[in-house]
Amino acid sequence: MKHLISLKDWSSEDIFGVLDLAAKVKAAPEQFADALKRKTLLMIFEKPSLRTRISFETGMFQLGGHGIYYDMSTSPMGGGKETIEDSIKVISRMCDIVMARLFKHSDILEMAEHASVPVINALTDNSHPCQILADLQTIREKKGDLKGLTLAYLGDGFNNVTHSLMFGCVKTGMNVRVGSPVGHMPDDRVTEDCQQIAAESGSNLLVTNDASEAVAGADVVYTDSWMSYHIPKEEEEERIKVFTPYQVTAETMALAAEHAIFMNCLPALRGCEQTAEVIDGPQSVVFDEAENRLHAQKAVMLRLCGAA
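Residues numbered from 1 in each chain as written. Predicted model: local features only at pLDDT ≥ 70, side-chain atom pairs only at ≥ 80, totals over all residues. Heavy atoms only, no water.

Per an unreviewed UniProt entry, the protein is named Ornithine carbamoyltransferase, and its organism is Tichowtungia aerotolerans. You can read under Pathway (unreviewed entry) in the UniProt record for the protein the words "Amino-acid biosynthesis; L-arginine biosynthesis; L-arginine from L-ornithine and carbamoyl phosphate: step 1/3." The UniProt entry for the protein carries the following text under Subcellular location (unreviewed entry): "Cytoplasm". (UniProt positions renumbered as here; feature names shortened; annotations may be inferred.)

What follows is the structure, encoded as structure tokens:
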């Protein structure tokens, strides 16, 4: 495992190895306090963040290393004055590991191709693997063994989180159901790849326009923002109309399994993708989920740096 670009590229053993390590890091952080001593993480941001920056920078500090924040909007790389290839070759000479939060997935692929140090995808328009590792850690903590559990996702299926959830679930033996409106279904190639993986892992994948069908009996109900950072203001009203039938309400949760948990990777808008009653209610684990970004990403950095 030289890089973390997409969970599609990682085996089930890779994923479970990081989840096992994340649990150890969370339980006994002091044991890893010097694991990345004198190591430097470069954090490249083209897209804004809260959880991503804080979790990576704090995580690197807690492992004994140092994180550098690099804003592409004020840099030669972001201004097109220096190519990604040249930039990442220079960075590789100076830093031990790189994470990048970008718009285009092709850019993270180019970084990984030319880097001589590990590269972590901290989000692109196609994939968000770090979030899903934290999600899987959270589900494991709340539900135990992942295999055989069912996760229902409601909302925008053509979404980096949805795509990564699909790969993460089928690779760990979880069933996944995606309920999305017409025109906002997952990428066909992702669906095809995940159907093939599901057949091998013994899990099931369902993509449907019926929110009730997706949620019925599910152990986990998951949603994400209808208004990603790139959505223009003028499109928001129309998106609300399209996605309102997929809002997670108390009635939606009642269709799931009795002890189902509710997840949202945040940021969340109460009254949009879910009601306040749900996200602030007893079934919600969204802040445990957010915290686990720290632990899961520490495990990723340790593994990619060969320190654990």
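Put simply, helix α3 (residues 84-94) and helix α4 (residues 105-114) touch, their axes get as near as 9 Å, and they point 50° apart. By the angle between their directions, the pair α3 and α4 is classed as oblique. As α3 runs across α4, the sense of the crossing is right-handed. Of α4, the residues touching α3 (which contributes Ile84, Glu85, Ile88 and Lys89) are Asp107, Glu110, Met111 and His114. Looking at the contact of α3 with α4 residue by residue, the class counts come to three nonpolar, one polar and four charged. (Axes fitted to C-alpha atoms, helices over the stretch in contact; angles between N-to-C directions. Helix = DSSP H or I, 4+ residues; strand = E, 2+ residues; numbered from the N terminus. Parallel < 35°, antiparallel > 145°, perpendicular 65-115°, else oblique. Left-handed = near helix turned anticlockwise from the far one by under 90°. Contact = heavy atoms within 4.5 Å. Nonpolar A, V, L, I, M, F, W, Y, C, P; charged D, E, K, R; others polar.)

A word on the pattern of salt bridges. Oppositely charged side chains can pair when the atoms bearing their charge come close. Tallied over the entire structure, the rule returns ten salt bridges. Note that Asp193 and Lys8 form a salt bridge whose closest N and O atoms lie 3.0 Å from each other. One end of the pair, Asp193, is in helix α7 (residues 188-201); the other, Lys8, is in the segment before α1 (12-27), and 185 residues separate them in sequence. Note on Asp193: relative accessible area 25%, which makes it partly exposed. Here Asp20 and Arg140 are joined by a salt bridge, their closest N and O atoms 2.8 Å apart. One end of the pair, Asp20, is in helix α1; the other, Arg140, is in helix α5 (residues 129-143), and 120 residues separate them in sequence. The exposure class assigned to Asp20 is partly exposed, which follows from its relative accessible area of 37%. (Salt bridge = Lys/Arg side-chain N within 4 Å of Asp/Glu carboxyl O. Buried < 20%, exposed > 50% of the residue type's maximum accessible area, 1.4 Å probe, protein only.)

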